[in-house]
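Survey of secondary and tertiary structure
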Amino acid sequence: MVSIPIVTPGGGSGVWFRWRWHSGNGGGKSGGGGGGGSGNKNGNVLNSNSEQCAVSSTFAYFLFSFVVLGLTGSLYGRLVLTSNVRSEVTSLGCAEDNEGSWAIGIFYGDSPFSLKPIEAMNIWKDKSAAWPVANPVVTCASPSNAGFPSNFVADPFLYQQDDVLYLFYETKNSITMQGDIGVSRSIDKGATWQHLGIALDEDWHLSYPYVFNHNGNIYMMPEGSAKGELRLYCATNFPLSWTLEKVIMKKPLVDAFIIPYEGKFWLFGSDHSGIGTKKNGQLEIWYSNSPLGPWKPHKKNPIYNTDKTMGARNGGRPFVYNGNIHRIGQDCGETYGRRTRVFKIEVLTNNEFKEVEVPLGVEESRKGQNAWNGARSHHLDIQQLHSGEWIAVLDGDRVPSGDTVRRFILGLVSIVSVAAFVVLVGILLGVVKCIVPLSWCPHNMGKRSDTFLTWERSSVLSSKLRLFCSRLNRASSALRARIKLSTCTGIIILALVIVAAVILMCTGVEYIYGGNGANEPYPINSHYSQFTLLTMTYDARIWNLKMYIKHYSRCASVREIVVVWNKGIPPELSDFDTAVPVRIRVEKQNSLNNRFKTDPLIKTRAVLELDDDIMMTCDDIERGFKVWREHPDRIVGFYPRLVDGIPFKYRGEKHARKHDGYNMILTGAAFMDSKVAFERYWSNNASSGRALVDEFFNCEDVLMNYLYTNGSLSSVVEYVKPSWAIDTSKFSGVAISRNTKAHYGVRSSCLAKFADMYGSLAHRKVEFGRRTDGWDL
């Protein structure tokens, strides 16, 4: 089978290029296409005794390009793209959804305007290894793990019964792809939640489950605008059984609520169905003597029909503070549900309405998509507990609306652009003679039908397409004539085009297969937590430190960065671009022992000791943190070592790999229990070891491993393999251990001395590959 280029006149201008495939099976008369007789007469030799295929240089070029770029994209995806596409994906739910990946967090404060996230309250939960508990507290995994598959949870509303909190929210069913109303319960003031089930499920989409009490009855007024009416349900067996009480309005109102005020009931909602209505920018008010109606429209309806950034659409339950009603609205400017805005209602009568915006004071995260609410937050319910403390539930999303479709389109555009660059390179190399092969029949068709030929001759579209393609093909010839690969300029252009194609290929792979790009934290028992990042440095390494803080402060679970300043004048905090608080602890003495000094200001149980010249992905950090939460009594880190032999000799990771095991983790990149580790290090038992560290100005991490081993009979180290790590000191020229041989020699001496003091590590070998997740291979 061969590919034969056929040249025919076309449309009065230019030439036509066709690619037709012919099959040779022995006889000269069986040669296909135009001439009958043997293909040898045309200079093409067909071996009738062989089934081997001869392909054109063009086909070979495209095949080669496809394979090379495909392998490049696959390698990029394997080595660079984070494996943490979505950390909570379960067999039942938490799939990527174009509406987002909404979750729910909880906040506390002395007033509605002094709210702080739960992690700031320092609430610890041993059962879920959360020290402290961190937001979000309810995610898609909450209903999914209970057997109710969900892609996200949003629109949370609280309901108090004595000391028990109930949380109602929209949960998007992963199977039906519509919203249902889920409910969870908390008996510890919102720190942990138990999913109870689905409170309300209709044949249409439900959301915004506004729950309130009236005359001893509990009502729910969810949004069901797809039904075209506003419905009120009454609880028959709270919180899971509800019955329709009344259709209170034949209007498709969205995000509606009812509040009592000065002897009347007021209903706020948005109707986006009217002609000329600005979506997410409309608000109407209705009033009645009863929440069951009948309802009368406010004289100034619509109250708003304005820009979607103005907060017209409701964004949660209104609250009363200092005698004033405060309405929560949505700013949908940059994306749907970008942020919430709070408005104090100053006038509310049958004929008048006035409100002014007031600052809420909830700080937006600077961690971007790594934060659970880094992209948007559009719903807030603030209530006062019986204790007088204020509590709030807030939903959030790490990606903007439509992110899945946007990424797919961008990825597709990138791949199409790669194809264009491949054609361009082929033209420059001369293996692609035309841009458009103009065969009107299938490749393996020897003869076209009369009907097709008649259409081809008579069609105006055919003629115009022929003319366009002919001009396009002439342009390719002109381009090849202008850019000559025999010149330096031509080679540079060719190289740039190839580099652009590779970059676009990697970009396309990242958009399509790389998930939302977030390095999400890994939950344990549906709980998240945080840790303190601690590094030790001095004045010659400022460049490292600035880059270090900018990068790691964006990792989801980092609460605070503590800089142990050993020498020189410390920098100003304003010098750093950071998303979390940074604290500089200036030490009086330049000692490596300062790394493990007891610090009562550290509020988390976990501390990540990480040298300022190590750069790795936030996903690697999050994986290490998850493993430490599973084994908080161990040193969990990224650099394994094996101490063995007689006498002891310090060796690198290759030695541990060769002998398939390790018994030490370097604490220059390791998680540990701040209280346990630091107290051990500064105990009287470790005083001789600390003196040796000061003497050698080395080995503080080796000493910590010996102290852990001495304090336990079980395994005390755990390895997590990073996807990649870079030593930035190599670029700045301020590496502490530049002479590797001398550095290893000092450490070998430390091993011998510490073994005499605290016992040997040789019998505590741990094999690689013990974990089922494969993170320690």
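The structure under discussion appears in the preceding block.
Here's what I pulled together on the structure shown here. (Residues numbered from 1 in each chain as written. Predicted model: local features only at pLDDT ≥ 70, side-chain atom pairs only at ≥ 80, totals over all residues. Heavy atoms only, no water.)

1. Thoughts on the sheet that holds strand E3 (residues 103-109)
The criterion, for reference: Pairing between strands requires that DSSP locate at least two bridges from one strand to the other. We count a stretch as a helix when DSSP gives it H or I for four or more residues in a row; a strand needs E for two or more, and each element gets its number in order from the N terminus.
As summarised here, the arrangement of the 4 strands in space is E4-E3-E24-E23, forming an open sheet in which the pairing is antiparallel. Of all the strands in the sheet, just strand E4 (116-117) and strand E23 (380-384) have a single pairing partner and so form its edges. Summarising the sheet, E23 and strand E24 (residues 390-396) pair through 5 bridges and their orientation is antiparallel. Paired with Ile382 across the strands is Ala392, a residue of E24.

2. Comments concerning the sheet that holds strand E13 (residues 241-249)
To keep things clear, this is the line we draw: To obtain an axis, a line is fitted to C-alpha atoms, over the contacting stretch when the element is a helix, and the angle between two such axes runs from 0 to 180 degrees between their N-to-C directions.
Strand order in the open sheet formed by 4 strands is E10-E11-E12-E13, and the pairing between neighbours is antiparallel. The open sheet is flanked by strand E10 (207-214) and E13, the only strands paired with a single partner. Averaged over all adjacent pairs, the angle separating strand axes in this sheet is 30°, with direction ignored.

3. Regarding the packing of helix H3 (residues 403-429) against helix H6 (residues 488-513)
Convention followed: Roughly parallel means an angle under 35 degrees; roughly antiparallel means over 145; roughly perpendicular covers 65 to 115; every other angle is labelled oblique. The handedness criterion is simple: a crossing whose near helix is rotated anticlockwise from the far helix by less than a right angle is left-handed, and one whose near helix is rotated clockwise is right-handed.
At their nearest, the axes of H3 and H6 sit 8 Å apart, and the two run at 155° to each other. The orientation of H3 relative to H6 falls into the category roughly antiparallel. Handedness of the H3/H6 crossing: left-handed.

4. Side note on the environment of Gly490
Operational definition: By definition in these notes, contact holds between two residues if any of their heavy atoms fall within 4.5 Å.
Within the element layout of this structure, Gly490 appears in helix H6. For the pair Gly490 and Arg480, spaced 10 residues apart in sequence, the C-alpha to C-alpha distance is 9.8 Å. Each residue touching Gly490, except ones within four places of it in the same chain, is listed here: Ile483, Lys484 and Leu485.

5. A few points about helix H12 (residues 700-710)
In plain terms, the rule: Three exposure classes are used, based on accessible area relative to the maximum for each residue type with a 1.4 Å probe and protein chains only: buried under 20%, partly exposed in between, and exposed over 50%.
Most of H12 sits out of view: 10 of its 11 residues are buried. Residues of H12 that are buried include every one of Glu700, Asp701, Val702, Leu703, Met704, Asn705, Tyr706, Leu707, Tyr708 and Thr709, and no others.

6. Observations regarding the environment of Val643
By the element assignment, Val643 lies in the loop between strand E32 (640-641) and helix H9 (653-658). The sequence separation of Val643 and Ala762 amounts to 119 residues, and the corresponding C-alpha distance is 6.0 Å. The contacts of Val643, once residues within four sequence positions are left out, are Phe648, Asn663, Met664, Tyr706, Leu751, Leu761 and Ala762.

7. Some points on H3
Quick reminder of the rule: In a helix, the anticipated span is given by 1.5 Å times the number of residues less one.
With 27 residues, H3 extends 39 Å between its outermost C-alpha atoms, agreeing within 8% with the 39 Å of an ideal straight helix rising 1.5 Å per residue. All of the buried residues along H3 are Asp403, Arg407, Gly411, Ser414, Val418, Val422, Val425, Gly426, Ile427 and Leu428. In the stretch just after H3, Gly430 is the one whose phi turns positive, near 85°.

8. A few points about the state of the cysteines
Short version of the rule: Two cysteine sulfur atoms form a disulfide, by the criterion used here, when they sit within 2.5 Å.
Across all of its chains, the model carries 3 disulfides by this definition. Across the disulfide from Cys94 sits Cys140; the S-S distance is 2.1 Å. Handedness here is read from the sign of the S-S torsion; for Cys94 and Cys140, about 115°, the answer is right-handed. Residue Cys94 is located in the loop between helix H1 (57-79) and E3, and its partner Cys140 is located in the loop between strand E5 (133-134) and helix H2 (141-145); the two are separated by 46 residues in the primary sequence. By relative accessible area, which is 0% here, Cys94 ends up buried. By relative accessible area, Cys140 is classed as buried at 1%. There is a disulfide in this structure between Cys555 and Cys618, and the S-S distance comes to 2.0 Å. Taking the sign of the torsion about the S-S bond as the criterion, the disulfide between Cys555 and Cys618, at about -80°, is left-handed.

9. Details of the pairing of strand E8 (residues 179-186)
Look at any regular strand and the pattern is simple: side chains alternate between the two faces of the sheet. Taken across its 8 residues, E8 has 7 buried, putting it largely inside the fold. Here strand E7 (residues 164-173) runs beside E8; their pairing, made up of 8 bridges, is antiparallel. Within the sheet, the bridge partner assigned to Lys172 lies in E8 and is Gly179. Hairpin connection from E7 to E8: 5 residues lie between these consecutive antiparallel strands, with Met177 at a positive phi of about 60°.

10. Some points on a nonpolar patch on the surface
Which entries qualify depends on this criterion: Candidates for patches are residues over 30% relative accessible area with no salt bridge; among them, like charges are joined within 9 Å and nonpolar side chains (Val, Leu, Ile, Met, Phe, Trp, Tyr) within 5 Å. Shrake-Rupley sampling with a 1.4 Å probe provides the accessible areas, and residues are treated as covered by the protein chains on show and by no other component. Salt bridges are defined as contacts in which a side-chain nitrogen from Lys or Arg sits within 4 Å of a carboxyl oxygen from Asp or Glu.
Together, Val405, Phe408, Ile409, Leu412, Val413 and Val416 make up a nonpolar patch on the protein surface, roughly 540 Å² of accessible area in all. Residue placement: Val405 occurs in helix H3.

11. Regarding the side chain of Asn373
Looking at the secondary structure, you find Asn373 in the loop between strand E22 (353-358) and E23. Judged by relative accessible area, Asn373 falls into the buried class, the value being 17%. What Asn373 contacts, discounting residues up to four positions off in sequence, is Ser365, Gly396 and Asp397.

12. Some details on unusual backbone geometry
Of note, the amide linkage connecting Trp131 to Pro132 takes the cis form, showing an omega dihedral of 10°. Its location among the elements puts Pro132 in the loop between E4 and E5. Omega for the bond connecting Phe238 with Pro239 falls within 30 degrees of zero, at 5°, which places this linkage in the cis form. Mapped onto the secondary structure, Pro239 falls in the loop between strand E12 (230-237) and E13. Its identity is not glycine, yet Asn122 carries a phi of approximately 60°, on the positive side. For Asn122, the position within the fold is in the loop between E4 and E5. For Asn215, which is not glycine, the phi torsion reads 55° and is therefore positive. Along the polypeptide, Asn215 turns up in the loop between E10 and strand E11 (217-223).

13. Quick notes on the packing of aromatic side chains
What characterises a pair of aromatic rings is the spacing of the ring centres plus the angle enclosed by the ring planes. To keep things clear, this is the line we draw: Classification of ring pairs uses Phe, Tyr and Trp, with its six-membered ring standing for Trp, and accepts pairs whose centres are within 6.5 Å; under 30 degrees between planes counts as stacked, over 60 as edge-to-face, and the remaining range as tilted.
Overall, the coordinates contain 33 aromatic pairs when judged by the stated rule. Centroid distance Tyr706 to Phe754: 5.8 Å. Interplanar angle 55°. Geometry classified as tilted. With a gap of 48 residues between them, Tyr706 in helix H12 and Phe754 in helix H14 (residues 740-758) connect regions that are remote in the sequence. The same class applies to Tyr706 and to Phe754, which are both buried. What links up through ring pairs into an aromatic cluster is the set Phe157, Tyr208, Tyr210, Phe212, Tyr219, Phe257, Phe268 and Phe353.

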